[in-house]
Every structure is written in C-alpha cells, then in structure tokens.
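Chain residues, written in single-letter form:
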Protein chains: 2
Amino acid sequence: MRRRPSISASSSRARIGRVWLVGAGPGDPELLTLRAVRALEQADLVLYDALIDPRVLGYAPRAQRFCVGKRAGKASVAQETTHALMIRAALAGKRVVRLKAGDPFVLGRGGEEVLALGHAGVPVEVVPGLSSAIAGPQAAGIPVTHRAMAQGFLVVSAVPEEAFFRIVPASPPAGLTVVVLMGLGARAAIAGGLTARGWPSSHPAAVVLGAHTPRQWSWTGALGELAPLALPADRADLPGIVVLGDVAHLGPRIASATSGFSLSNVEQRHGTA
Amino acid sequence: MRRRPSISASSSRARIGRVWLVGAGPGDPELLTLRAVRALEQADLVLYDALIDPRVLGYAPRAQRFCVGKRAGKASVAQETTHALMIRAALAGKRVVRLKAGDPFVLGRGGEEVLALGHAGVPVEVVPGLSSAIAGPQAAGIPVTHRAMAQGFLVVSAVPEEAFFRIVPASPPAGLTVVVLMGLGARAAIAGGLTARGWPSSHPAAVVLGAHTPRQWSWTGALGELAPLALPADRADLPGIVVLGDVAHLGPRIASATSGFSLSNVEQRHGTA
C-alpha cells in the first residue's frame, strides 16, 4: 500500500507545485473542513469563484487571490483560462488552491479541472465540501430525506431546461424530494413545465436564498405559487435553491425547533398553502 | 434580526443544556467541519453511531462517549432510547453532541431527532456533514455530475426495496447518476430488478467501500456484473455505495490523475466492461 502523503509532511520536502481543488461549502466559514483550511493556509495562489465568502479567503493570508467566477455584469474567466492559470502556476512550483462554492463535483466542473490538470502532469487533490444541494435545504430546516416521507432525493440543475425535463420524472413518485440548483431565474418555466406534465400545483415547494449566510431567506408554499413568488429585491444577488416534496413542509417545524440556537439568522416566509 | 449566538460566546454564559446534531462526514477526521470540531470540544456527552472513526471522538477528550449505533451482531439502541438519552442529559444541563456518520439529514433520522428535541423544549442545532452520497463517489474519482455527461443525480436507499423501485426511474434517463446507499447487501435484487425493468446490463456501475477511510476499495464495471461481484471478504464490515451512470467510468481516469497525491490509500479494481 502506498503511504498517504500528508500535507504537513510534504511541506518539509523539496517544493513541488500542486493543486488542491477545494469545496468551500455553502458560505459560512465554520462549515469549511479541516483539510480545506490546511490547504488554504499553505496556498501561494487561490483562484476562487464569485460566491466565496471573504472570511474564507482570510484562511489564506499569504496567498495571491484571484477571482475567476462570474460577477454581476461581468463575464467569468473562460474555463480554459482557469485551467491554464492553474497549470502554469503549479508547474512554476506554486501551491494552488482552486476554491469552489459548495462541492467541486456537484455542478462545479471539478471533474473537467482534474482531468485537465492530470493531462498536464500536475499533482491534484480533491477536497470535498458541503454541497448546497443538501446543506441548503437543511439551513431552512428541510431534511432531504425523512422517515415515512422521503427515501430518496434528486438533485438537478434548472439549466439547460432540456436536461431538467429529461431527468425530473413526469409525475412525482411518492417519497422523492427534488432539489433544483440554479433554479430561481427559471422558476416560472420549471413550475409551468412540471404542472403541464401532471405535477399537482399543490405539490409542496420551498425556496432558500443565501443558505448558511447572514442574509439567508426562505419560503414555504406550493408548486403553483412558485412562478408568481416575489423574491426580496435586496437579495437578488444570492444563490437560491428550490425544493419540491413533502419535506418542504417540515422546514418551518424543524427551523422553529432550532430557532434561538442556530447557525444563521433565518428569515422565513410561509406561503398560503 | 436576531443576533447569531456563537458557540464560544455561549460558553461564557450560565450553562444551559443543549444538543448539537453533528454530521461527522464519511470517515477521515480531516473532513470534519470547523463547527463540528468546536461542538465536540465543548461536549459533555457524545452519543455516536457505530461507523464513527475513533480519531473523530478524539476531538471530545473530556466527554462521556456512548455508542448508540448498530454493531456487528448486536442490535442498535432503539431510536426512542436515543431521544430519551439526549433529552435527559440536556435537561440536566449537559452539552450533548449527537454524532452521525455522513450528514444528519441524509437517511440519518436527523429530522426525527430535531423534532423530538424541539417537542421536549431542548435547544438544538444541526451541524451538516459531508454525505457519502457525494463524497463517497468522489473518493473513487467519480463526480456525480459532469459536463455533457450528467446534469443531475438521484440518491436513494436500497431499502426498503419497494421505495427503491418506486423512486428509481423504470429506464435510465440520459444524464442521470444514481447513487445507492446501503445497497451492497441488496445488490443482486437491485441489479436484477433494474434489468428486468429495462435498464441495459451494460449500464456503467461502480462500487465504493469504506470511502475516505484507509481501507477504501472500489470497483468499476457494468450493472450486469454487479450481482455476481465478489467483494473482498476482509472488508465486509465497511459501508458501501453503488453508483450507476456514465460517470462511473470517469472514476479510474480521475483517480489516476489524483494518485500519489490523494487523501486516501485507494485500492481499485476494474470490471471487464
């Protein structure tokens, strides 16, 4: 068996460039893993996505930091450019952290980045992070599974729409929770398409904006109320998720049990359903 | 807005009993979150599941520790007994960590425990953890999503079988990854049932045992090879997951790009597919 090279052991050896592909989790810096913190502490260069909390970057005080994500009104750095930046820095002997919101392997193009680095001969390690697919609903009190209510959950991107409607079942099986990422802009198309296919407009639904951030906002209601739902204008910049399934209605109950002793300030709205 | 009570602030106040429902992640203690470590450090009592790595318990040096999970040949403590233990200790002023493998809200009965604690008036906070639903495949190099290959993933328990076959689609939509938890014992029933329903026996499949532990083992092949697959006898105690979907075949490529610089010793087998 190969000996496991630890980060601390390697730092005493001759310096070799390398890349850590690190999931930063949903926002709160306390939800970083110990390994993510150790990678950041040793980084010479951090290439981060737009949604990363500045306090997370604080764990990499001696690193150059460069945002490669999409910012309001500005295009993101092309994926190929990000690959080239990582490869060039690592081949020059730098320790690079590629810091991604959530988990690198959930709709984050992490697999592509590992393959590009491998192709260039750059050592790379993936450090998984908390995905908002699970921690997002949890922040609003919603368990993606719950005994006698949900035995499975489907995570899907709202875009492209063609893939969404191919992957989401035409009618909702009992016991399935659906978590839609990047779905708020497309919520009218999603809700309209699902009800046209036979999903009841009374199907429980929830929205969580900015999960695990101080500006978190959530709503519980029904699929039929999703399209006309007015989101708070001052939080249009926050990433949002849509949850469809019976567990949505557990949210207010579980959030109330954890209120006064919870990670986040939670502002909650209830629909009329 | 309510002020966010931090763990460190509350420790200087009058002592009030409380419960943290903490996800310990898949195994490796370095994959604990900072918040999980802080909760453990302050715990008077830790009630933990059987799959928890002893090194994780090392973060709670001054706590009483009690295993409430299933152990080989012995039944687990009844769910109601776990509730009663938590409630009694918290009402007596103790800081209790209920430590769960993976994430508390993924097939972990975390929602039930929060509701029971809330009903008893015990303050409770949920600390999410890395779920093996995502970090398990990742440990074997498998991204649950991948551009132009998988735009969504379904996580489902193999038991009860009736729920499994209700939730998993009768034929596999392009672009969907299916991750089956607690599925190894039922792999013949799963594979047989899916192929009987129309899934091709050539559908890519992978198995990961003991993800993110030193004894990790993985296999890549096809659905038709899953039923007769011989698992290593010396690892029958390890939790295992089954992955179905095109991304299974990325596993060896991505694992090879990360080899020599990875978190875990990884032993890999490839099927004939």
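Everything numeric in this text was worked out from a predicted model, so none of it was measured.

*Asks:* In this structure, what is going on with unusual backbone geometry? I would like to understand it.
*Replies:* Peptide bonds are trans in most cases, and residues, glycine excluded, mostly fall at negative phi. The omega torsion of the bond from Val159(A) to Pro160(A) falls at -5 degrees, within 30 degrees of zero and hence cis. Mapping Pro160(A) onto the fold places it in the loop between strand E6 (152-157) and helix H7 (161-167). Although it is not a glycine, Met182(A) adopts a positive phi angle of roughly 55 degrees. Position of Met182(A) relative to the elements: it lies in the loop between strand E7 (176-181) and helix H8 (187-197). Residues other than glycine seldom take positive phi values, yet His212(B) does so here, at roughly 60 degrees. Note on placement: His212(B) falls in the loop between strand E8 (204-209) and strand E9 (217-222).

*Asks:* Got a minute to help me understand the relation of the copies chain B and chain A in this structure?
*Replies:* Mapping one chain copy onto the other needs a rotation about an axis and a shift along that axis. Superposing chain B onto chain A takes a rotation of 180 degrees combined with a translation of 0.0 Å along the rotation axis, leaving an RMSD of 0.0 Å. The transformation relating the two chain copies, once decomposed into turn and shift, fits a two-fold axis. Here 100% of the interface residues in chain B have copies in chain A that are interface residues too; the copies meet face to matching face.

*Asks:* Any chance you could explain the side chain of Gln151(B) here in plain terms?
*Replies:* The residue Gln151(B) is located in the loop between helix H6 (132-139) and strand E6 (152-157) in this model. Since its relative accessible area comes to 15%, Gln151(B) is described here as buried. Contact partners of Gln151(B), with chain neighbours within four places excluded, come to Leu107(A), Val155(A), Val156(A), Ser157(A), Ala163(A), Arg166(A), Ile167(A), Thr145(B), His146(B) and Gly175(B).

Conventions adopted
Residues numbered from 1 in each chain as written. Chains lettered and ligands numbered in written order. Predicted model: local features only at pLDDT ≥ 70, side-chain atom pairs only at ≥ 80, totals over all residues. Heavy atoms only, no water. Helix = DSSP H or I, 4+ residues; strand = E, 2+ residues; numbered from the N terminus. Least-squares fit on C-alpha atoms with pLDDT ≥ 70 in both. Contact = heavy atoms within 4.5 Å. Buried < 20%, exposed > 50% of the residue type's maximum accessible area, 1.4 Å probe, protein only.

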